[in-house]
Amino acid sequence: MKLFFFTNLIILVVITIAIKLTVINQENEIKILTQKVTKIAKEKEKLEIDFAYISSPKKLKEINDKEFKLNPIQQEDWINLKKK
Amino acid sequence: MQPTDKYIYENVVPSKNKSFSTNLRFNDTNDLFELEKKKKLIQHTKKINKYTLTVVLFFFCLIIFNLQKIFFANNQNFNSFSKSIKKERGKIFDRNGELIATNIDTKDLYINTKKILNKTELKKKLQKIFPNKKENYFEDIFSKKQYIKIKPYITINEEKQLKQIGDPSINFHKSSKRIYLQHNLFSHLTGFKSSELKSKIERNLDEHLKKGTNFSLTLDLRVQHKVHEELSSSLKLYNANSAVAIIMDVNNGEIISLVSLPDFNPNHPEDIKAFSENNLAFEARYEMGSTLKIFNAALVYENNSDLEKKKFKIKDGYQITSDKLIVDEGIKKNKLNFKEIFTQSSNVGSINIIESLGIKKQKELFEKLGINNQISLYGLNVVKNKLPKKWDSQASKFISYGYGISISPISLVSSYAALVNGGYKIKPKVNLSESYSKNRILKDTTSKKINILLSEIVKNGTGKKANVNGIKIGGKTGTSKKLENGKYSEKKVITSFIGAFPIDKPKYIAFILFDEPRRNKSESLESFGGNTAAPTFSRILKKISPILNRNNYIKMNLE
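Residues numbered from 1 in each chain as written. Chains lettered and ligands numbered in written order. Predicted model: local features only at pLDDT ≥ 70, side-chain atom pairs only at ≥ 80, totals over all residues. Heavy atoms only, no water.

> Whenever I open this one, the overall build of chain A confuses me. Can you help?
Along the backbone of chain A there are three helices and zero strands. The order of helices and strands in chain A, counted from the N terminus, is α-α-α. In chain A, buried positions account for 19% of the 84 residues. Carbon and sulfur atoms make up 67% of the accessible area of chain A, which totals about 6,900 Å². (Helix = DSSP H or I, 4+ residues; strand = E, 2+ residues; numbered from the N terminus. Buried < 20%, exposed > 50% of the residue type's maximum accessible area, 1.4 Å probe, protein only. Areas by Shrake-Rupley, 256 points an atom, 1.4 Å probe, with all protein chains shown as cover.)

> Looking at this structure, how should I read the packing of aromatic side chains?
Each aromatic ring pair is summarised here by two numbers: the centre-to-centre distance and the angle between the ring planes. Residues and elements named next belong to chain B. All told, the structure shown has 18 aromatic pairs over all chains when counted by the stated rule. Arranged with centres 5.2 Å apart and planes meeting at 80 degrees, the rings of Tyr 137 and Phe 138 form a pair that is edge-to-face. By relative accessible area, which is 24% here, Tyr 137 ends up partly exposed. An angle of 25 degrees between the planes, with centres 6.0 Å apart, marks the rings of Phe 215 and Tyr 378 as stacked. Of this pair, Phe 215 sits in strand β5 (residues 215-216) while Tyr 378 sits in the loop between α13 (359-369) and α14 (393-400), and the two are 163 residues apart along the sequence. Given the relative accessible area of 7%, Phe 215 is considered buried. Feature note: the residues Phe 295, Phe 366, Trp 391 and Tyr 416 constitute an aromatic cluster, connected by ring pairs. Between the NZ or CZ atom of Lys 163 and the centre of the ring of Phe 172, over which it lies, the distance is 5.7 Å. When the ring centre of Tyr 424 is taken as reference, the NZ or CZ atom of Lys 438 above it lies at 4.9 Å. (Phe/Tyr/Trp six-rings, centres within 6.5 Å; stacked < 30°, edge-to-face > 60°. Lys NZ or Arg CZ within 6 Å of the ring centre and 35° of its normal.)

> What exactly am I supposed to notice about the nonpolar core here?
Buried together is how nonpolar side chains tend to be arranged in soluble globular proteins. Residue and element names in this part refer to chain B. In terms of nonpolar packing, the biggest core is built from 91 residues, with Phe 282, Ile 294 and Phe 295 touching the most fellow members. Counting residues per element, this core draws most heavily on helix α15 (residues 409-420), which supplies eight residues. Residues within four places of Ile 294 in sequence aside, it is in contact with Phe 342, Tyr 416, Leu 419, Ile 450, Leu 453, Leu 454 and Ile 457. Residues Val 223, Ile 256, Val 468 and Tyr 508 belong to the second largest nonpolar core, which totals 30 residues. (Core = buried A, V, L, I, M, F, W, Y, C linked by side-chain atoms within 4.5 Å. Contact = heavy atoms within 4.5 Å.)

> How do you make sense of the pattern of salt bridges when you look at a structure like this?
Any two side chains of opposite charge can pair, on the condition that their charged atoms come close. In the structure shown here, the tally under the stated rule is 41 salt bridges over all chains. A:Lys61 serves as the salt-bridge partner of B:Glu229, at 3.6 Å between the closest nitrogen and oxygen. One end of the pair, B:Glu229, is in helix α8 (residues 221-237); the other, A:Lys61, is in helix α2 (residues 57-68), on a second chain. One salt bridge in this structure joins B:Lys449 and B:Glu308, with 3.5 Å as the shortest N-O distance. Taken as a pair, B:Lys449 in helix α16 (residues 444-460) and B:Glu308 in the loop between α10 (294-302) and β9 (311-313) lie far apart in primary sequence, 141 residues in all. (Salt bridge = Lys/Arg side-chain N within 4 Å of Asp/Glu carboxyl O.)

> I'm lost on the sheet that holds strand β16 (residues 474-484) of chain B in this one. Help?
Backbone hydrogen bonds are what pair the strands of a sheet, in a parallel or an antiparallel way. All names here are of chain B. Judged by pairing direction, the sheet is antiparallel, and its five strands sit side by side in the order β7-β6-β18-β17-β16 without closing on themselves. Each edge of the sheet is formed by a strand with only one pairing partner; in this case those strands are β7 (255-261) and β16. Strand-to-strand, the axes of this sheet are offset by a mean angle of 10 degrees, without reference to chain direction. In terms of strand pairing, β16 meets strand β17 (residues 487-501) through 10 bridges, oriented antiparallel. (Pairing = 2+ DSSP bridges. Axes fitted to C-alpha atoms, helices over the stretch in contact; angles between N-to-C directions.)

> Please clarify how the packing of α13(B) against α14(B) should be interpreted in this entry.
If you want to describe how two helices pack, look at the angle between their axes and the distance between the axes. Residue and element names in this part refer to chain B. Viewed as axis vectors pointing N to C, α13 and α14 meet at an angle of 55 degrees, and their least axial separation amounts to 10 Å. Judged by the angle between their axes, α13 and α14 are oblique. Viewed along their axes, α13 and α14 form a crossing whose handedness is left-handed. Touching Ile 359, Gln 362 and Phe 366 of α13 are Ser 393, Ser 396, Ile 399 and Ser 400, all from α14. Looking at the contact of α13 with α14, its residues break down into three nonpolar, four polar and no charged. (Parallel < 35°, antiparallel > 145°, perpendicular 65-115°, else oblique. Left-handed = near helix turned anticlockwise from the far one by under 90°. Nonpolar A, V, L, I, M, F, W, Y, C, P; charged D, E, K, R; others polar.)

> Is there a simple way to think about the environment of B:Ser290 in this case?
All names here are of chain B. Among the secondary structure elements, Ser 290 is positioned in the loop between β8 (286-287) and α10. Residue classification places Ser 290 among the buried positions, given a relative accessible area of 9%. A C-alpha to C-alpha distance of 9.0 Å links Ser 290 and Gly 529, two positions 239 residues apart in sequence. Not counting the four nearest positions on each side in its chain, Ser 290 is found in contact with Ser 345, Asn 347, Tyr 401, Lys 476, Thr 477, Gly 478 and Thr 479.

Below, the structure written as structure tokens:
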């Protein structure tokens, strides 16, 4: 009886330690991955902010006025198209 | 004497325990005592066994408990770890997901005065990097023995230069800065967030934003930009003090564009002037003048009154108080029919209509339209309309042509929406995820007749300049004198235009207002809603209609 309990106890302790070590290992891997994801997310966010700033209507108008001088489609343009 | 057989005690021990059978053999009498001893020993051992078992079970339970902790408690830790990554302040988007407000990682500069190697040299170098700081600033700081924040949100260049100094007293702390990518465009909605101060949505929804919840506005960046551009140039053209523009979907109350000028750049809250911080569309109220006259028409239509067929005498004016005679100066006709009262914006005619209908019906309509109640907007403050203290017959007559009652632009837009959308009361909203509800408050026929009347005002009446080729517009102009020291000014006016489009089945409503427009400095009273707000409405609509309603627009022109 005693032997049975002690054997169980030792097995449980070994299993617990093994699980704990696996969990720690997995946790570390997840942390590393999360850090990588965070880094990429931050980079993505920076690019998104840059893009939002560059593509803001005010900025686009400045670029258009400097480089392309294109005119937006207006109500009159559609009317002319219809008449033609 | 030779020993014969061994002594046999048949009945010495009870037969309960098999290990001590009835056939025990003893060599001598001492064995009996030995047996007693053994029995005691066995009982003692049994006790110890029980204790051992309890201890083992206890450890067993402990291990099970720890195992449970590993599986569940660690998951919680991981969740909180991942949550801590996302704990950034929520972003603000427009209706199409365009970024309006977000956060960027930056650094704050700190100096530990105890660790400074050479104070004079450091002072010189810092002065070079931060030329805007006062001369004595660094001297004062260095004289204190503290760990002091010198500048929040330093730039990359500044950081590089500071690192080159190489003084051990210089420290950098990570921080996050709120930035507004569209600068002034949404300033009156988002407000601003500096290190401590906050305003508007940033303040009212702080609890949600702090938790990282994003917020989407109903506004459209493209429309907002065009409206802002046009309204700014009109503000300069008419040399007005301030201007307001609102564009709203009449069917669900979504505000597509809202511009209040002057505005401010929320990226630089330190430069904001008190006056420019007010959102005039929500936080100001005006005596709207003639735009309120359309409510008289709604009253007539709603009550099936025969006033529609009647002609009204205008020429002699109307003696509203003992010392005040109301005259329609610009109208040459002696009599006007019902439609003409609105197309030519007759004050006398409006008074006559309300005199025939009575105060009660007027009050009821205002109640239905929500003018008597305060509008609530998620995340923003709206001022309560100022109703007359005593709503008697005289006040009712003043209200009939837009005086004696001060209402906020958003309240006017909201009540007009109900007039043109088929008679449904809708709640204006700036939060895209907010649901909307419709309550019928007016007859469908009333709304249809109002739309025809509004269309007539733009075709042949005071709102001609609001016309845009290809779009059917209906609207009403408004001009009101400003109240100064208890008297109505002869020089200062508020001009406005409110219009719905396409008027045969309205989808949007737009409101334009100018405070004190001065078209010509020598003739300041030349400004009316019809020659300031109406043409601005037209210019804005020309630019935004392809964005707002492209599909319908193509259909409409190719039919």
